[in-house]
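Tertiary structure, described
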Amino acid sequence: MSEGRERIAALFREALEAENRNDFETAKRKLDEILHESLHVEPELYFEACFRLVDIFLQEDNYRGALKCALRAIVRAPSEDHYRLGLKRLGDILTIIKKEDKLSELAENMEPALKLVEGDEELYRFVQALIRLARGEKVSEKFALPELNEAFESLTG
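In short, a report on the structure. Computed from a prediction, not measured in an experiment: that's the story for all the values here.

**Details of the overall build of the protein chain**
Within the protein chain one finds eight helices and zero strands. Element order for the protein chain, N to C, with α for helix and β for strand: α-α-α-α-α-α-α-α. The globule rule puts the C-alpha radius of gyration for 157 residues at 15 Å, and the 16 Å found for the protein chain is close to it. Referenced to the eigenvectors of the C-alpha coordinate spread, the extents of the protein chain come out at roughly 50 × 30 × 25 Å. Counting over 157 residues, the protein chain shows a buried share of 45%. Long-range contacts, defined here as pairs at least 24 residues apart, represent 57% of the contacts in the protein chain between residues at least 6 apart. Only carbon and sulfur atoms are counted for the fraction: they give 46% of the accessible area of the protein chain, which is about 8,400 Å². Taken as two groups, the 24 positive and 33 negative side-chain charges of the protein chain have centres that lie 2 Å from each other.

**Brief notes about the pattern of salt bridges**
Summed over all chains, the structure comprises 19 salt bridges. The salt bridge partner of K30 is E14, with a shortest N-O separation of 2.8 Å. Placement of the pair is K30 in helix α2 (residues 24–38) and E14 in helix α1 (residues 3–20), with a sequence separation of 16 residues. Two residues, K28 and E60, come together in a salt bridge whose shortest N-O distance is 3.1 Å. Here the residue K28 occupies a position in helix α2, and E60 occupies one in the loop between α3 (43–59) and α4 (63–75), the gap between them amounting to 32 residues. The exposure class assigned to E60 is partly exposed, which follows from its relative accessible area of 28%.

**With respect to the packing of aromatic side chains**
Considering all chains together, one arrives at four aromatic pairs under this definition. What links up through ring pairs into an aromatic cluster is the set F126, F143 and F152. A cation sits over an aromatic face here: R89 above F51, 4.5 Å from the ring centre.

**Quick look at the nonpolar core**
Core analysis: the biggest nonpolar cluster contains 58 residues, and L94, L106 and F126 have the highest contact counts within it. If you list the elements that add at least two residues to this core, you get α1, α2, α3, α4, α5 (80–99), α6 (111–117), α7 (121–134) and α8 (146–156). Among the elements that make up this core, the one with the highest residue count is α3 (11 residues). Not counting residues up to four positions away in its chain, the partners in contact with F126 are L90, L94, F143, L148, A151 and F152.

**Some remarks on the packing of α5 against α8**
With their axes 9 Å apart at the nearest point, α5 and α8 run at an angle of 5 degrees to one another. The angle between α5 and α8 falls in the class roughly parallel. Contact with α5, carried on its side by R84, L87, K88, G91, L94, T95 and K98, involves P146, E147, L148, A151, S154, L155 and T156 of α8 and no other residues of that element. Partitioned by chemical class, the residues of the contact of α5 with α8 number six nonpolar, four polar and four charged.

**Quick word on the side chain of T26**
Take T26: it is sitting in helix α2. In this structure T26 comes out as buried when scored by relative accessible area, which is 16%. At 2.7 Å, the side chain of T26 forms a polar contact with the side chain of D23.

Calculation rules
- Residues numbered from 1 in each chain as written.
- Predicted model: local features only at pLDDT ≥ 70, side-chain atom pairs only at ≥ 80, totals over all residues.
- Heavy atoms only, no water.
- Helix = DSSP H or I, 4+ residues; strand = E, 2+ residues; numbered from the N terminus.
- Rg over C-alpha atoms; globule rule 2.2 N^0.38 Å.
- Buried < 20%, exposed > 50% of the residue type's maximum accessible area, 1.4 Å probe, protein only.
- Contact = heavy atoms within 4.5 Å.
- Areas by Shrake-Rupley, 256 points an atom, 1.4 Å probe, with all protein chains shown as cover.
- Lys, Arg positive; Asp, Glu negative; His and termini not counted.
- Charge placed at Lys NZ, Arg CZ, Asp CG, Glu CD.
- Salt bridge = Lys/Arg side-chain N within 4 Å of Asp/Glu carboxyl O.
- Phe/Tyr/Trp six-rings, centres within 6.5 Å; stacked < 30°, edge-to-face > 60°.
- Lys NZ or Arg CZ within 6 Å of the ring centre and 35° of its normal.
- Core = buried A, V, L, I, M, F, W, Y, C linked by side-chain atoms within 4.5 Å.
- Axes fitted to C-alpha atoms, helices over the stretch in contact; angles between N-to-C directions.
- Parallel < 35°, antiparallel > 145°, perpendicular 65-115°, else oblique.
- Nonpolar A, V, L, I, M, F, W, Y, C, P; charged D, E, K, R; others polar.
- Polar contact = N/O pair within 3.5 Å; in protein donor to acceptor, adjacent residues only side chain to side chain.

Here it is in structure tokens:
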């Protein structure tokens, strides 16, 4: 294992230990370090670190943060399989947000999320539709990817 991977593995362990102690600030700091160190050299680890952060944000009831972090992972997915897995995870996150009756929290301050996905036309349309839905508008969108349709239908069905 390379020195970089060893350091990232150690940071993951430290982040998980902190999360298990409900020390979310330390866990987020360790995961941020992983994101910084893995962005260009270990895209799979970057992807997983983003979704660990998503879990922490959900535990903190930071739904907008969870969504943005999931989108960051999806946009930088290292493969088509990771991309589709990320979309499925996004659907799970949106289901949680809907169950918690917090969809309206996604109606405001979503410009950073749109900026994250502006290079992915389909994902951009999805986030736009999600924001309109969160604002209480009636939205009936269809997307090219079945995972996006499933995620959207979990909110409207």
